[in-house]
Amino acid sequence: MMPRGWLSITARLSLAFAMVSVTLFTGVAVYLYRALDQQLMQRHMDELATKVVLVRHTLEEIASATDVADAMLRSPNTVSAPDRLHVRLLGVDGQLLFASDLVPIPTEVLGSPAPVAEVPSDFRVWKNATGDRYLATSAYARLGKPSMQPLLISVALDVREEHDVLLSRFGARLMLAVVSGTTLAALLGWLVAARGLRSVRRIAAAAARITSDRLHKRLDERTAPAELADLVHAFNEMLARLEESFSYLEDFSSDLAHELRTPINNLMGQAEVTLAEARRPEEYQLLLESNMEEYGRLSRMISDMLFIAKVGRYQMPLNREDVNVRSAIEKILAFFDALLEERGIEVALRGELIVSADRILLQRAITNLLSNAVRYTQRGESIGLVIFREGDGRATIEVNNPGPPIPPEHLPRIFDRFYRVDRARSHSYENSGLGLAIVKSIMRLHDGAATVSSVPGDLTRFRLTFP
Ligand SMILES: Nc1ncnc2c1ncn2[C@@H]1O[C@H](COP(=O)(O)OP(=O)(O)O)[C@@H](O)[C@H]1O
Ligand SMILES: [Mg+2]
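Residues numbered from 1 in each chain as written. Chains lettered and ligands numbered in written order. Predicted model: local features only at pLDDT ≥ 70, side-chain atom pairs only at ≥ 80, totals over all residues. Heavy atoms only, no water.

Novice: So what about the site of ligand 1? Which residues, and what values?
Specialist: With respect to spatial proximity, 17 residues lie near ligand 1, and among them N372, R375, N431, G433 and L436 are the closest. Interatomic distance of 2.7 Å between a side-chain N/O atom of N372 and an oxygen atom of ligand 1. At 3.0 Å from a nitrogen atom of ligand 1 is found a side-chain nitrogen or oxygen belonging to N401. Contact with the protein chains hides 95% of the accessible area of ligand 1, taken as 530 Å² for the molecule alone. Put simply, the parts of the chain that give the shell around ligand 1 at least two residues each are α9 (359-376), α10 (435-445) and β12 (460-466). (Near = heavy atom within 4 Å. Polar contact = N/O pair within 3.5 Å; in protein donor to acceptor, adjacent residues only side chain to side chain. Areas by Shrake-Rupley, 256 points an atom, 1.4 Å probe, with all protein chains shown as cover. Helix = DSSP H or I, 4+ residues; strand = E, 2+ residues; numbered from the N terminus.)

Written out as structure tokens, the structure reads:
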């Protein structure tokens, strides 16, 4: 198992926040850095171009190349430039006419000079041996006397201070902003995620409070956030299923204990009475015989209960096959023959159908219905077995018998286990009240249904319907 909290959702979200913001911030920072770089460069170029124009003006006022240095020194516009700006003037044949300082910018780095009437557009960056960077350009200029050959102006700007240093400071600040922005975003992400996940923790706490004796509790689906509503709903449904099987088990075991108590008490009572004094062997034999009957009934009841329990948990394999219901019933009737004859009861079998069912289980269900019907039918009367299709096409097997109708208040519970309409009288020990419960279980396994109708003046009808 992963250690608890290892990359929790909160951690993942805040990591994601951090990643998104580092990408975003870095993008913005790079953009800003480049934009400033370009803006500054543009300004430097403008400055150099302006310088060229000023120097041209100064030169237009003189007539001879020998006056150039003088004029330049006199003109405040051109020379009192900051010392980061360097101006040189060369004659036609390359001789140096003026230099504002000693920075030797090689002519070959200057690119092509702008013609006399044009503003310079070819700017070059030059780096000297000590690492200083210069932006430089060149242009032709004319002296006041038009017949003279043009001069070459070259201007260079030391961009280290105003550009490189400034940019690197700006870059450092940007980096700091990116780092702190990212940290802040991660932190905020953490807070937001932790806050967002509060409802998860609340649900977990509520779920933790649900114990086996509080299975009726549900999580509140209305207050759950939309993303968790499905989860909460599923959880509640699981609780409902748990509660149902839990109470099923509870009822089951209490029913079982309840039903076992009476016969076992009876057995104990009889043994006690018999043991109270010396008896003749025939009496012991009688007792054991009666006990045997009771044991047999108990054993049947236990296996019935086991059957119902298995079916209730859907652990019964269903061997479906096409069953000819009529011939299945005929086989059952063969077993009932002697009993029917003894009771003087007729059976009328009508209809014929094939259903897909587990043959053994189907026979068991029909047997249970038939044995009930036999019990409640008077001598000389007749039990009906009808196989037919319902209006909607469902295969149906009906077992009907005349006799006292079942009071309507009992009808809804008649298929419950251990339910007998006349509890007192039915302790004749032959019936445990499990027969119809088994019928219902079998039909449920088949996705079918068992129903009953019993109204005064009509037959009591039990129906098995298959989907
Ligand atoms: N054909 C019927 N006519 C009248 N009552 C019936 C009929 N079948 C079942 N019952 C009632 O339903 C109860 C439950 O039946 P069942 O589950 O088979 O248990 P058991 O037969 O062991 O009593 C019976 O005790 C009886 O009261
Ligand atoms: Mg029965």
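Novice: Residue-level account of the packing of aromatic side chains, with values.
Specialist: Scanning all chains against the criterion turns up two aromatic pairs. Where F415 meets F462, the ring centres are 6.1 Å apart and the plane angle is 80°; that geometry is what we call edge-to-face. Taken as a pair, F415 in the loop between β10 (395-401) and α10 and F462 in strand β12 lie far apart in primary sequence, 47 residues in all. (Phe/Tyr/Trp six-rings, centres within 6.5 Å; stacked < 30°, edge-to-face > 60°.)

Novice: Could you give an account of the nonpolar core, with specific residues and numbers?
Specialist: One finds F307, I329, L362, L370, I397, L464 and F466 to be the most contacted residues of the largest nonpolar core, which totals 53 residues. Looking at this core element by element, the count peaks at eight residues for α9. Shared between two domains, this core takes at least three residues from each, and those domains are domain 2 (241-311) and domain 3 (317-466). Formed by 25 residues, the second largest nonpolar core is a distinct cluster that contains L48, A71, V87 and F98. (Core = buried A, V, L, I, M, F, W, Y, C linked by side-chain atoms within 4.5 Å. Buried < 20%, exposed > 50% of the residue type's maximum accessible area, 1.4 Å probe, protein only. Domains from an automatic or database assignment.)

Novice: Describe the sheet that holds strand β9 (residues 382-389), with residues and values.
Specialist: Ordered in space as β7-β9-β10-β12-β11, the five strands form an open sheet in which the pairing is mixed. Where the open sheet ends on each side, the last strands, each with one partner, are β7 (346-350) and β11 (449-454). The mean angle between the axes of side-by-side strands here comes to 15°, regardless of whether they run parallel or antiparallel. Of the pairings in the sheet, the one linking β11 to β12 comprises six bridges and is antiparallel in character. Residue pairing across strands places A450 opposite L464, the latter belonging to β12. Relative to the sheet, helix α8 (residues 325-343) contacts β7, β9 and β10, its axis offset from that of β7 by approximately 175°. Strands in contact with α9 are β9, β10 and β12; relative to β10, the strand with the most contacts, it is inclined by about 20°. (Pairing = 2+ DSSP bridges. Axes fitted to C-alpha atoms, helices over the stretch in contact; angles between N-to-C directions. Contact = heavy atoms within 4.5 Å.)

Novice: Pulling in residues and values, what's your account of the pattern of salt bridges?
Specialist: When the charged atoms of two side chains lie near each other, side chains of opposite charge can form a pair. Within the structure shown, the criterion is met by 19 salt bridges. Put simply, E259 and R420 hold a salt bridge, and the shortest N to O gap is 3.1 Å. Pair noted here: E259 is in helix α6 (residues 226-275) and R420 is in the loop between β10 and α10, with a separation of 161 residues, a long-range link. Looking at R420, the relative accessible area reads 8%, which means it is buried. Linking R280 and E282 is a salt bridge whose minimum nitrogen-to-oxygen distance equals 3.1 Å. Overall, the relative accessible area of 44% leaves E282 in the partly exposed class. One connected set of salt bridges, linked through shared partners, spans E390, E398, D458, R461 and R463. (Salt bridge = Lys/Arg side-chain N within 4 Å of Asp/Glu carboxyl O.)

Novice: An account of α9 is needed here, citing residue identities and associated values.
Specialist: With 18 residues, α9 extends 26 Å from end C-alpha to end C-alpha; this agrees with the ideal 26 Å at 1.5 Å per step. Buried residues of α9: L361, L362, Q363, A365, I366, N368, L369, L370, N372, A373 and V374, and no others. Measuring from the backbone nitrogen of I360 back to the side-chain oxygen at the start of α9 gives 3.1 Å, which picks out D358 as the cap. (Expected span 1.5 Å × (residues − 1).)

Novice: So, the domain arrangement of the protein chain: which residues are in play, and what are the values?
Specialist: Much of the literature gives interface size as the accessible area that the parts lose upon coming together. Looking at the assigned domains, one finds that the protein chain contains domain 1 (9-178), domain 2 (241-311) and domain 3 (317-466). Residue-level contacts link 16 residues of domain 2 with 17 residues of domain 3. Buried surface at the junction of domain 2 and domain 3, summed over both partners, amounts to about 1,500 Å²; 61% is from carbon and sulfur atoms. Connecting domain 2 to domain 3 are three salt bridges. Of the charged contacts in the structure, one is a salt bridge between D255 and R417, with a shortest N-O distance of 3.0 Å. At the boundary of domain 2 with domain 3, the tally comes to three residue pairs in polar contact (both at pLDDT 80 or more). Of all the secondary structure elements, the ones that give two or more residues to the side of domain 2 that touches domain 3 are α6 and α7 (281-312). (Buried area = accessible area lost by both parts, 1.4 Å probe.)

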